[in-house]
Amino acid sequence: MSILQKAKNYVEILFKDKLSSVYFYHNFIHTAYTVNKAEEIMKNTPVSEEDQEKVLVALWFHDTGYIECALNHEERSVGVMKAFLQQENYPENYIADIEKLILATKINYEPQNLLEKIVKDADFSHFAGHDYNDISDALRKEWELTNVKCFSNEEWNAGNLDMLKNKHTFYTEYAKENWEPLKKKNIKKIEKKLEKEEEKKEEKKENSEGKKDKEKSDRSVDTLFRVTLNNHTRLSDIADSKANILLSVNAVIISVCLSVLVPKLDTPKNAHLILPSFILLLSSVLTIVFAILSTKPNVTKTTFTANDIVNRKVNLLFFGNFHQMLFDDYHNAMKDLIKDRDYIYDSMVKDLYYLGKVLDRKYKLLSITYKVFMAGIIISVLSFGFAFLSL
């Protein structure tokens, strides 16, 4: 197993076991996102394989310090990285290079070389993301829950605008060319938000203190649902991507075997290759089967009565429930739902719960798929080796 795969597995387990659930932004999803963005930059930037590995290892570990504390987390992340690489028997000069890259992710640090520029751009690549607003809301919620600071909408938007417009810059040529235009679009979106906030201030007078508290509470709950649903969706996309990779690889293996290997097995001199070839084909077929099962849609459909709708026992947000309803019935039921915020939240909670059940099934099947693929490859190689040695 490569050091990058080991680092990924180590960090994923570390965050799962030790990272507090209040970190809506600084979590494994953000870490994997920055790694993917660094790979995107390096595909279009001349970087040696060794330096690519250093960049990716640094990014896998750059936020691991949050398992202890957000304060000075870069230094804490360096400690986690050192313990891992020393256990893997990596030399001190290699570890020192990665330490510099992790420390380069500090918000006010100016990168001194190409690798530090890549790390810096990857860590802030979400500034050019199409889902920047959702990511920004996740960070805002994290800061509220960790008692960093609570912001009004106007304060938060103004702070984001100042960061994107005046304090942040991309450093690599690839990011300047491809991400800077997307960042400018996000800047315009924030400016429009500030304009709307200004218009609201002019149109509306101060509301009662109790109503303000309720709106703030509702906004926090809305953000919680939005961010959690977004995380679930990203995890589902990651699982589907991994399954598609295994489908493609094993389809190629089967194609090559059937076109090149199998036609040669009918001669007596190649009889010793029949069993190894069968094992290889069988493992590829099983891998494809489990990969398909992991991506196969599993839509639960329930039947219910009119009384169930009246008693609010039906989740009207899920199409598997309402697809057989008449439009007028559905329209009236949705009007009732919209008027009752508790009913809305109950429906969203059900959606999140069952989406989580689907994710659990996906990842269990995906885990089995990888094990089957790994075992099949190992056994096939060993059987081919034994076949040749027994001649």
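Residues numbered from 1 in each chain as written. Predicted model: local features only at pLDDT ≥ 70, side-chain atom pairs only at ≥ 80, totals over all residues. Heavy atoms only, no water.

With an unreviewed UniProt entry as reference, the protein is termed Metal-dependent HD superfamily phosphohydrolase, source organism Chryseobacterium sediminis. Regarding the protein, the relevant UniProt record gives this comment under Subcellular location (unreviewed entry): "Cell membrane". (UniProt positions renumbered as here; feature names shortened; annotations may be inferred.)

Draft legend 1. Representation of the overall build of the protein. Check the secondary structure of the protein and you find 16 helices and 0 strands. A total of 391 residues make up the protein; the buried ones form 40% of that total. Residue pairs in contact within the protein that sit at least 24 positions apart in sequence constitute 71% of those at least 6 positions apart. Looking at the protein as shown, the accessible area adds up to about 22900 Å², and 58% of this sits on carbon and sulfur atoms. (Helix = DSSP H or I, 4+ residues; strand = E, 2+ residues; numbered from the N terminus. Buried < 20%, exposed > 50% of the residue type's maximum accessible area, 1.4 Å probe, protein only. Contact = heavy atoms within 4.5 Å. Areas by Shrake-Rupley, 256 points an atom, 1.4 Å probe, with all protein chains shown as cover.)

Draft legend 2. Layout of the pattern of salt bridges. A full pass over the atoms with the stated rule returns 13 salt bridges. With a closest N to O distance of 3.4 Å, Glu40 and Lys37 form a salt bridge. Taken as a pair, Glu40 and Lys37 lie in helix α2 (residues 28-43) at a separation of 3 residues, close to a single helical turn. Given the relative accessible area of 24%, Glu40 is considered partly exposed. A salt bridge links Asp240 to Lys362; the nearest nitrogen and oxygen atoms lie 2.8 Å apart. A residue pair is termed long-range when its members are at least 10 positions apart, and Asp240 in helix α11 (residues 209-261) and Lys362 in helix α16 (residues 341-389) qualify at 122 residues. A residue is classified by how much of its surface remains accessible, and Asp240, at 22% relative accessible area, is partly exposed. Residue Lys362 is classed as buried on the basis of its relative accessible area, which comes to 8%. Several salt bridges share partner residues, and in doing so they unite Glu50, Lys54 and Asp97 into one network. (Salt bridge = Lys/Arg side-chain N within 4 Å of Asp/Glu carboxyl O.)

Draft legend 3. Structural view of the UniProt feature "transmembrane region" (unreviewed entry) in the protein. Summarizing the sequence annotation, UniProt attributes the feature "transmembrane region" (unreviewed entry) to residues 243-262, 274-293 and 368-389 in the numbering used throughout. As annotated, residues 243-262 has a helix share of 95% and a strand share of 0%, and its two end C-alpha atoms lie 26 Å apart. Between the end C-alpha atoms of residues 368-389 there is a gap of 31 Å, over a span that is 100% helix and 0% strand.

Draft legend 4. How the structure looks around the packing of aromatic side chains. If you walk through the whole model with that rule in mind, you get 13 aromatic pairs. Between Tyr10 and Phe84, the ring centres sit 5.0 Å apart and the planes meet at 40°, which makes this aromatic pair tilted. Taken together, the positions of Tyr10 in helix α1 (residues 3-18) and Phe84 in helix α4 (residues 73-87) put the pair 74 residues apart, joining distant regions of the chain. On the accessibility criterion, Tyr10 (31% relative accessible area) is partly exposed. One aromatic cluster is present, built from ring pairs that chain together Tyr10, Phe61 and Phe84. (Phe/Tyr/Trp six-rings, centres within 6.5 Å; stacked < 30°, edge-to-face > 60°.)

Draft legend 5. Representation of unusual backbone geometry within the structure. The phi angle at Asn72 is positive, at roughly 55°, despite the residue not being glycine. Looking at the secondary structure, you find Asn72 in the loop between α3 (49-61) and α4. We note that Asn89 has phi near 65°; this positive angle belongs to a residue other than glycine. Within the secondary structure, Asn89 is located in the loop between α4 and α5 (92-103). The class for Asn89 is exposed, based on a relative accessible area of 70%.

Draft legend 6. Quick look at the side chain of Ser383. Note that Ser383 resides in helix α16. According to the relative accessible area criterion, Ser383 is buried, its value standing at 13%.

Draft legend 7. Spatial organisation of the packing of α3 against helix α6 (residues 114-123). With their axes 10 Å apart at the nearest point, α3 and α6 run at an angle of 40° to one another. Here α3 and α6 pass one another in a crossing that is right-handed. Judged by residue contacts, Asp51, Val55 and Leu59 of α3 engage Leu115, Ile118, Val119 and Ala122 from α6. Tallied by class, residues from the contact of α3 with α6 come to 6 nonpolar, no polar and 1 charged. (Axes fitted to C-alpha atoms, helices over the stretch in contact; angles between N-to-C directions. Left-handed = near helix turned anticlockwise from the far one by under 90°. Nonpolar A, V, L, I, M, F, W, Y, C, P; charged D, E, K, R; others polar.)

Draft legend 8. Inspection of empty space enclosed by the protein at higher detail. The final tally for this structure, using the stated rule, is 1 cavity of 30 Å³ or more. Estimates place the volume of the largest cavity at around 120 Å³. For the largest cavity, the lining is made up of 14 residues, of which Phe24, Tyr25, Ile29, Ile135 and Arg234 are closest to its centre. Elements supplying a minimum of two residues to the lining of the largest cavity: α2, α7 (132-145) and α11. Looking at the lining of the largest cavity, the element that brings in the most residues is α11, giving 4 residues. Residues of the lining of the largest cavity, tallied by class, amount to 7 nonpolar, 5 polar and 2 charged. (1 Å grid on protein atoms, 1.4 Å probe; cavity = no way out; pocket = protein on both sides within 12 Å on 5 of 7 lines; lining within 4 Å. Points joined across faces, edges and corners; volume = space filled by probe spheres on them.)

Draft legend 9. Quick peek at a nonpolar patch on the surface. Residues Leu275, Phe278, Leu282 and Leu286 make up a contiguous nonpolar surface patch of about 390 Å² in total accessible area. Structurally, the position occupied by Leu286 is in helix α12 (residues 274-295). When its relative accessible area of 36% is taken as the criterion, Leu286 is described as partly exposed. (Patch = residues over 30% accessible without salt bridge, like charges linked within 9 Å, V, L, I, M, F, W, Y side chains within 5 Å.)

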